[in-house]
Amino acid sequence: MSETPEIKPAEPVPSQLPAAAAGAPPGLLDRTLDTLRAGWREIAASARGVVGAAPRASLPKEDADRLKEQIEACLEGRGGEVSARARAAQLGRTYLALDGQGRRNFLMMLARDFDVDRAAIDQAMATFQTAGDPVSRGHAERALRRALEPPRLRLLTQFNGLPEGVKFLVDLRAELMEMARGEPLLQALEDDLKSLLRNWFDVGFLEMRRITWDSPASLLEKLIKYEAVHEISGWRDLKDRLDSDRRCFAFFHPRMPNEPLIFVEVALVQGMSDNVQALLDPSAPVCDPKSADSAIFYSISNAQVGLAGISFGNFLIKRVVDGLTGEFPNIKCFATLSPIPGFRRWLDRELAERGDSLLSPPEAERIAEAMAARPDAPEPEGRESDAEGDADERPVLAGVLALPDWHADEELQKQLRGPLMRLCAHYLTTARASDRRSERAGAAPARALDPVAHFHLSNGARMERLNWLGDRSAKGLRQSCGMMINYRYKLGEIDANHEAYRGEGKVNASSSIRSLGKGGG
């Protein structure tokens with residue numbers, strides 16, 4: 001979770017194989033779990049006599065039928081708990097040895113052949129409805145709950161007892177999320193696995209740890225790999241981010257002790273930061289953390305794609321705030337320096353629909369004059385347009401933003417600052433995600449369209465300040481025209497802000513952001 005805490009699949013894809021199925025390079029599961037082939041070998045050895053020959057990599061039908069028998073034996077617990085564990089390990093090793101098509105066939109078999117028995121559910125419901133006394137009703141209720149649990153869920157649960165078995169399931173879900181697009185059977189299996197992981201990754205089971213330069217090298221490598229907001233360029237950059245005026249905290253699960261689930265990077269500074277390049281400048285002097293009055297959360301990254309939709313970033317932020325308050329009593333301001341990842345997409349759609357009506361006439365005129373004053377400005381009159389239409393027919397704002405160096409042109413910057421900050425403030429405070437659930441009676445209000453805004457507003461933060469060109473990186477310019485925002489966590493207001501947003505859809509914003517959104521001209 002970058003600061004987009006809930007990772008969701010993009011648009012649905014017609015029933016086609018994921019990249020791995022077409023013979024693409026090994027995926028996430030292969031890269032992170034190669035060691036399991038060796039780690040589970042000894043556990044699986046006792047099951048080999050029962051399991052027989054390994055299936056072919058593509059898992060054709062005859063091999064899938066044999067594998068189905070092995071799964072049934074595993075679920076029936078033949079030979080006791082040790083044998084069932086050995087069979088689970090062997091099934092895991094079998095899955096890892098399959099190619100993309102084989103893995104899809106395996107998961108389709110699991111989804112299709114090991115779902116609930118609907119006849120058993122009907123019978124359990126009938127028994128429950130006719131139960132006359134409390135004892136009989138209790139027995140019938142428990143029987144109904146058992147009937148509603150698909151056998152595949154019991155199979156997946158057995159991996160919890162294997163070394164790295166939970167990590168295997170987390171990465172299995174990451175693969176399954178890709179395969180499940182447009183495939184209802186796999187979507188149902190993915191929902192089952194998500195529900196299982198949600199229970200296992202309850203925040204009460206998680207441990208918060210500080211990561212320092214003295215942490216194991218293997219863990220530090222994972223920070224570089226998993227950082228999703230501001231890329232870590234190498235070991236020198238990482239060391240700067242772990243210096244004495246910086247903090248990094250992560251959540252860990254006891255069954256994945258060497259794998260961060262989510263981590264947050266914090267800068268201890270004086271004043272609320274407004275520019276991420278200045279914040280991460282390697283040549284900047286190291287501050288005395290005891291003199292800091294502000295803690296700036298500048299990067300929050302989800303490290304496990306397979307835990308998408310299982311949110312614990314809000315709990316991490318609150319735990320970090322509590323910890324820093326105790327360590328540094330002088331810190332009174334807890335705020336983020338956050339990206340605005342959805343602004344440019346929203347702006348492009350608005351420009352396509354409304355064109356220059358997004359600008360006041362004086363704004364449009366001043367921007368056009370600044371464009372015309374550039375040395376590379378096109379001839380104003382007399383050009384022939386091509387068959388596709390003249391590119392200069394597009395809105396003036398779209399034309400300016402298409403220039404790769406608009407942000408380096410001082411006059412263009414001056415004329416764009418007001419309109420873009422107004423439009424961005426309007427986007428942040430009013431744009432809502434289209435969600436049919438919000439139209440139902442009694443449903444929660446539609447969430448903020450920007451995913452990072454939704455995350456922090458849900459956690460009880462307030463939109464504090466919009467920062468012009470706070471991120472001049474290519475990514476920042478592409479996502480938000482370089483703008484960034486500070487979300488502020490005021491300890492006495494967090495609960496009230498959270499309730500107002502989740503219950504009423506109210507966006508808590510400072511007066512400066514509100515006035516920006518109403519400006520113009």
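Residues numbered from 1 in each chain as written. Predicted model: local features only at pLDDT ≥ 70, side-chain atom pairs only at ≥ 80, totals over all residues. Heavy atoms only, no water.

Draft legend 1. Inspection of the side chain of Lys-222 at higher detail. By the secondary structure assignment, Lys-222 is in helix α12 (residues 217-226). For Lys-222, a relative accessible area of 19% translates into the label buried. Setting aside its immediate chain neighbours within four residues, Lys-222 contacts Asn-258, Glu-259 and Pro-260. (Helix = DSSP H or I, 4+ residues; strand = E, 2+ residues; numbered from the N terminus. Buried < 20%, exposed > 50% of the residue type's maximum accessible area, 1.4 Å probe, protein only. Contact = heavy atoms within 4.5 Å.)

Draft legend 2. Examining unusual backbone geometry more closely. In the Ramachandran plot, Leu-469 falls in the positive-phi region, its phi being about 50° despite a non-glycine side chain. Within the secondary structure, Leu-469 is located in the loop between β6 (462-467) and α21 (474-480). Leu-469 gets classed as buried once you look at its relative accessible area, which sits at 2%. With phi around 55°, Cys-481 is a residue other than glycine that occupies positive phi space. Judged by relative accessible area, Cys-481 falls into the buried class, the value being 1%.

Draft legend 3. Fine view of the packing of helix α7 (residues 118-130) against helix α8 (residues 134-147). At a minimum axis distance of 9 Å, the contact between α7 and α8 shows a crossing angle of 165°. Put simply, α7 runs roughly antiparallel to α8. Considering the relative orientation of α7 and α8, their crossing is left-handed. Residues Ala-120, Ile-121, Ala-124, Met-125, Thr-127, Phe-128 and Gln-129 of α7 form the contact with α8, whose own contacting residues are Arg-137, Ala-140, Glu-141, Ala-143, Leu-144 and Ala-147. The residue makeup of the contact of α7 with α8, split by class, is nine nonpolar, two polar and two charged. (Axes fitted to C-alpha atoms, helices over the stretch in contact; angles between N-to-C directions. Parallel < 35°, antiparallel > 145°, perpendicular 65-115°, else oblique. Left-handed = near helix turned anticlockwise from the far one by under 90°. Nonpolar A, V, L, I, M, F, W, Y, C, P; charged D, E, K, R; others polar.)

Draft legend 4. Highlighting the packing of aromatic side chains. Tallied over the entire structure, the rule returns nine aromatic pairs. With a centroid separation of 6.4 Å and 85° between ring planes, the pair formed by Phe-251 and Phe-312 is classed as edge-to-face. Of the two residues, Phe-251 is situated in strand β2 (residues 246-252) and Phe-312 in the loop between β4 (294-302) and α15 (313-327); the sequence distance between them amounts to 61 residues. Residue class for Phe-312 comes out buried when judged on its relative accessible area of 3%. Among the aromatic side chains, those forming a connected cluster through ring pairs are Tyr-95, Phe-106, Phe-159 and Phe-168. Over the face of the ring belonging to Phe-128 we find Arg-137, whose NZ or CZ atom lies 4.9 Å from the ring centre. (Phe/Tyr/Trp six-rings, centres within 6.5 Å; stacked < 30°, edge-to-face > 60°. Lys NZ or Arg CZ within 6 Å of the ring centre and 35° of its normal.)

Draft legend 5. Expanded view of the nonpolar core. In terms of nonpolar packing, the biggest core is built from 111 residues, with Phe-201, Leu-347 and Trp-406 touching the most fellow members. For this core, the element with the highest residue contribution is helix α19 (residues 410-430), accounting for nine residues. Residues in contact with Phe-201, not counting those within four places in the same chain, are Val-166, Val-170, Leu-206, His-253, Met-256, Leu-261, Leu-307 and Phe-312. The next biggest cluster of nonpolar side chains, apart from the first, holds 13 residues, and it includes Leu-219, Tyr-226, Leu-238 and Ala-303. (Core = buried A, V, L, I, M, F, W, Y, C linked by side-chain atoms within 4.5 Å.)

Draft legend 6. Region of the structure containing the pattern of salt bridges. Per the stated rule, a full pass over the model turns up 30 salt bridges. As a salt-bridge pair, Arg-344 and Asp-348 come within 3.0 Å of each other at their nearest N and O atoms. Of this pair, Arg-344 and Asp-348 both sit in helix α16 (residues 343-354), four residues apart, roughly one helical turn. For Arg-344, a relative accessible area of 17% corresponds to the buried category. Note on Asp-348: relative accessible area 36%, which makes it partly exposed. Of the charged contacts, one joins Glu-350 and Arg-354 as a salt bridge, the two residues approaching to 3.2 Å between their closest N and O atoms. Separated by four residues within a single helix, Glu-350 and Arg-354 lie in helix α16, roughly one turn from each other. We classify Glu-350 as buried; its relative accessible area is 15%. In this structure, a network of salt bridges that share partners links the residues Arg-56, Glu-62, Asp-63 and Arg-66. (Salt bridge = Lys/Arg side-chain N within 4 Å of Asp/Glu carboxyl O.)

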